[in-house]
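Residue-level structural notes
Listed here are the chains, written in short residue letters.
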Amino acid sequence: MKSKEQRPRIALLGMAILGGGASGEGIPSLVDLFQRLSAHYDIVFYCFQSIDKSKISVTAKIRQVVRGLVPGRIKFFLLMVQLVLDHLRNPVSLIFAVSAYPTGRWAVIVGKL
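Residues numbered from 1 in each chain as written. Predicted model: local features only at pLDDT ≥ 70, side-chain atom pairs only at ≥ 80, totals over all residues. Heavy atoms only, no water.

Turning our attention to the overall build of the chain. Looking only at helices and strands, the chain features three helices and four strands. Out of the 113 residues in the chain, the part that is buried amounts to 34%. In the chain, once contacts between residues fewer than 6 apart in sequence are set aside, the share between residues at least 24 apart is 62%. Counting every atom, the chain has about 7,200 Å² of accessible surface; 59% of that belongs to carbon and sulfur. (Helix = DSSP H or I, 4+ residues; strand = E, 2+ residues; numbered from the N terminus. Buried < 20%, exposed > 50% of the residue type's maximum accessible area, 1.4 Å probe, protein only. Contact = heavy atoms within 4.5 Å. Areas by Shrake-Rupley, 256 points an atom, 1.4 Å probe, with all protein chains shown as cover.)

Attention now goes to the pairing of strand 1 (residues 9-14). Most of strand 1 sits out of view: six of its six residues are buried. Covered by surrounding structure in strand 1 are Arg9, Ala11 and Leu13 together with Ile10, Leu12 and Gly14, the residues of both alternating faces. With six bridges connecting them, strand 1 and strand 2 (residues 42-47) associate as parallel partners. Residue pairing in the sheet places Leu13 in a bridge with Tyr46 of strand 2. Pairing of strand 1 with strand 4 (residues 94-97), which is carried by four bridges, proceeds in the parallel orientation. Paired with Ile10 across the strands is Leu94, a residue of strand 4. (Pairing = 2+ DSSP bridges.)

Bringing the pattern of salt bridges into the picture now. What the rule picks out here adds up to four salt bridges. Residues joined in a network through salt bridges with shared partners are Arg63, Asp86 and Arg89. (Salt bridge = Lys/Arg side-chain N within 4 Å of Asp/Glu carboxyl O.)

If you look at the biggest cluster of nonpolar residues, it comprises 14 residues, and the most contacted ones within it are Leu13, Tyr46, Phe48, Met80 and Leu83. Of all the secondary structure elements, the ones that give two or more residues to this core are strand 1, strand 2, helix 2 (72-89) and helix 3 (100-111). Counting residues per element, this core draws most heavily on helix 2, at four residues. Apart from the residues within four sequence positions on either side, Leu83 is in contact with Ala11, Leu13, Tyr46, Val92 and Val110. In this structure, Leu30, Phe34, Phe45 and Ile51 belong to the second largest nonpolar core, which totals nine residues. (Core = buried A, V, L, I, M, F, W, Y, C linked by side-chain atoms within 4.5 Å.)

Okay, a nonpolar patch on the surface next. On the surface, Val66, Val70, Ile74, Phe77, Leu78, Val81, Leu85 and Leu88 cluster together into a nonpolar patch covering about 660 Å² of accessible area. Counting through the fold element by element, Val70 comes out in the loop between strand 3 (61-64) and helix 2. (Patch = residues over 30% accessible without salt bridge, like charges linked within 9 Å, V, L, I, M, F, W, Y side chains within 5 Å.)

Attention now moves to the side chain of Lys75. For Lys75, the location among the structural elements is in helix 2. Note on Lys75: relative accessible area 17%, which makes it buried. The contacts of Lys75, once residues within four sequence positions are left out, are Val65, Val66, Gly68 and Val70.

Put into structure tokens, the structure is as follows:
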């Protein structure tokens, strides 16, 4: 049996829920964009806050920060280590950050590696 051809991957960095939940949180236009992109790309959402995965309407793999009493910068660093490890196993074609800080800053740092 032939293995399925691997699609290009997009790493999406965000702070919380990506799409419009029950309270209207998130950015619905980004959800629409990534739902359409998911037809041609594998999308991995690296979330800088703990979220309820059932509220993510995008067809994406979810990675999120560790829970517990760990300082925020260490949580962010551990999540970016996960991104680098994922990239070594299965390269990412594009790193996309939803906001300028802190996700945009981390996207630039990881992109330079």
